[in-house]
Amino acid sequence: MLKKTYSLLAAMLLFSVCASAQSGEFSSYSPYSIFGVGNLSQNMSAYTASMGGTGIASRNHRYLNTANPAAVAVRDSLALMIDFNLFNTNTIYRQNTGGDKLRSANNFTNLGGIAMSFPIYRQLAAAVGITPYSSVGYDFTSTETDGNVIALNGPVSYAAQGMGSLYDIYGALAVNIGKRVSAGVQADYVFGKIERTYIQNFRNTGYNEVKDIYTQTLNSFTGKFGLQYEQPLGNDVSITAGATYRLAGRLGGFNDYSRYSSGSVQNITINSYADTLRSTSPAIYLGGELGVGVALNYQNKLRAEFNYLRADWTGSGMDSAKGFKVSDATQSFATGVKESFKLGLEYVPNINDVRYYSRRMAYRAGAFWNNEYYTVAGKPVNTAGITLGVTLPVFQWYNGLTIMMEAGQRGPSDASLVRERYIKFGFGVNLFDIWFRKVQYN
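If you're wondering where the values come from, they're calculated on a predicted model, not measured in any experiment.

S.K.: Hey, could you run me through the overall build of the protein in this one?
M.R.: Counting its secondary structure elements, the protein contains three helices and 20 strands. When each of the 442 residues of the protein is scored for burial, the buried share is 48%. Excluding contacts between residues fewer than 6 apart, the proportion of contacts in the protein whose partners are at least 24 apart in sequence is 69%. Surface exposure of the protein reaches about 21,500 Å², of which carbon and sulfur atoms provide 58%.

S.K.: Explain the packing of aromatic side chains here, please?
M.R.: The relation between two aromatic rings is expressed through the spacing of the ring centres and the mutual angle of the planes. For the structure shown, the criterion picks out 18 aromatic pairs. With a centroid separation of 6.4 Å and 20 degrees between ring planes, the pair formed by Tyr32 and Tyr374 is classed as stacked. Taken as a pair, Tyr32 in the loop between α1 (2–20) and β1 (39–40) and Tyr374 in strand β17 (residues 362–376) lie far apart in primary sequence, 342 residues in all. In this pair, the class of Tyr32 matches that of Tyr374, namely buried. Considering the side-chain rings of Tyr373 and Tyr374, the 5.0 Å spacing of their centres and the 75 degrees angle between planes classify their relative orientation as edge-to-face. By the burial criterion, Tyr373 is buried, and Tyr374 matches it. Following the ring pairs from residue to residue traces out a cluster consisting of Tyr32, Phe35, Trp313, Phe333, Tyr373 and Tyr374. Sitting over the ring of Tyr63, Arg364 keeps its end group 5.1 Å from the ring centre. One residue, Lys424, lies across the ring of Phe87, its end atom 5.6 Å from the ring centre.

S.K.: What exactly am I supposed to notice about the pairing of strand β19 (residues 400–410) here?
M.R.: Every other side chain in a regular strand lies on the same face of the sheet, so the side chains alternate between the two faces. Of the two faces of β19, only one is covered, namely that formed by Gly400, Thr402, Met404, Glu406, Gly408 and Arg410; the face formed by Leu401, Ile403, Met405, Ala407 and Gln409 stays uncovered. Looking at chain direction, strand β18 (residues 379–393) and β19 are connected through eleven bridges and run antiparallel. Each bridged residue has a counterpart across the sheet, and for Gly385 the counterpart in β19 is Gly408. Pairing of β19 with strand β20 (residues 419–434), which is carried by eleven bridges, proceeds in the antiparallel orientation. Counted as the bridge partner of Met405 is Phe425 from β20.

S.K.: Would you mind showing me how to read the nonpolar core here?
M.R.: Nonpolar side chains in soluble globular proteins tend to be buried together. By size, the foremost hydrophobic cluster in this structure holds 32 residues, and its most contacted members are Val37 and Met318. Of all the elements in the fold, those that place two or more residues in this core are β4 (124–143), β5 (156–177), β6 (181–202) and β17.

S.K.: Whenever I open this one, the pairing of strand β16 (residues 337–347) confuses me. Can you help?
M.R.: Across the two faces of β16 the burial differs, with Lys338, Ser340, Lys342, Gly344 and Glu346 buried and Val337, Glu339, Phe341, Leu343, Leu345 and Tyr347 not buried at all. By the bridge criterion, eleven bridges tie strand β14 (residues 302–312) to β16 in an arrangement that is antiparallel. Pairing of Asp312 across the sheet is with Val337, part of β16.

Reading guide: rules and limits
Residues numbered from 1 in each chain as written. Predicted model: local features only at pLDDT ≥ 70, side-chain atom pairs only at ≥ 80, totals over all residues. Heavy atoms only, no water. Helix = DSSP H or I, 4+ residues; strand = E, 2+ residues; numbered from the N terminus. Buried < 20%, exposed > 50% of the residue type's maximum accessible area, 1.4 Å probe, protein only. Contact = heavy atoms within 4.5 Å. Areas by Shrake-Rupley, 256 points an atom, 1.4 Å probe, with all protein chains shown as cover. Phe/Tyr/Trp six-rings, centres within 6.5 Å; stacked < 30°, edge-to-face > 60°. Lys NZ or Arg CZ within 6 Å of the ring centre and 35° of its normal. Pairing = 2+ DSSP bridges. Core = buried A, V, L, I, M, F, W, Y, C linked by side-chain atoms within 4.5 Å.

Take a look at the structure:
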């Protein structure tokens, strides 16, 4: 069993590296990803995603929970756990412009992340993994409507395209302090590449096309701390409180810029530079995040959890940083405070039932509301959704296949801005094995 586990882990890691190394293709699509480092992902498995993204207060020893580093210690002391996830997102975009209703659609399948947890010594355990941190994907055009500009230069069109992703490689250590308390610490290395291109195209052949290209090779070291406490409220009921804190991480790497002029007149490089972000002033940061959660547990049957997270990006420096900011005559992005409210439920009729398979299945549901880390034209961008999921037990121990669905909407109520409605499907593989078993012979 252990050799099979290692073989599958190696295959998953290879797939993960290949997926991370892809370039030249969109890994996601959203016009809002034009700003900053794009749309933020969340380090969650299909298991936690099916409960609205909760997990800060989860002390479920059957599944690997990476939402809180402290949860890594809540496990069988000899267990090796692996979690692998895929997500497919189908989105419909709508915008009202000049009385016209514009619509488009996209769908993408992406790696959600892979993680592995194993014991170190007695009450000490570790976890390692890789997960998406953010994604950039957009491609749209617009035309000049200012009559004075058109009269002087002729028809002018503008195009913007961006693609790329940031990934988070992390390692966590956690320890149980007695039977009720666990604490954990996590080291994170965020890295990736983002390419952005802006084109100004003149229909008048007497003018050249102008193209601005930003190529950002980014990295950041940061960390996360976690704490959990469980309090029994009788023989069958307990309540768990959890907290996490992620440090703000300064962005390093390079921000290369070039401006080209091409057309029938002459092809020239107007301007170019390469910024080393570690020496850029003011510095650019990934926002820190504070999260708290509380969960109510009834035996091994029912669990309800609520999480609140707050991340302050107002001091990130992306409002004024070249290549990160977006500002024109009609729309303006600015950093803000990201907030998330999450609620999740899990029900397992009888985890030890040997007669009815359906009674050993874990049924989950959840809901969430997020306020994104940016505003558009002074208006907040909100995301809200509901989730459903089920884990199907496979073979012995706690091996299982998790299937989940999420339906939601992102975008402000202002009809002139883009509204995104989506359905996401997730698939997770939960592997559970026991290490260091001694075989006895009579």
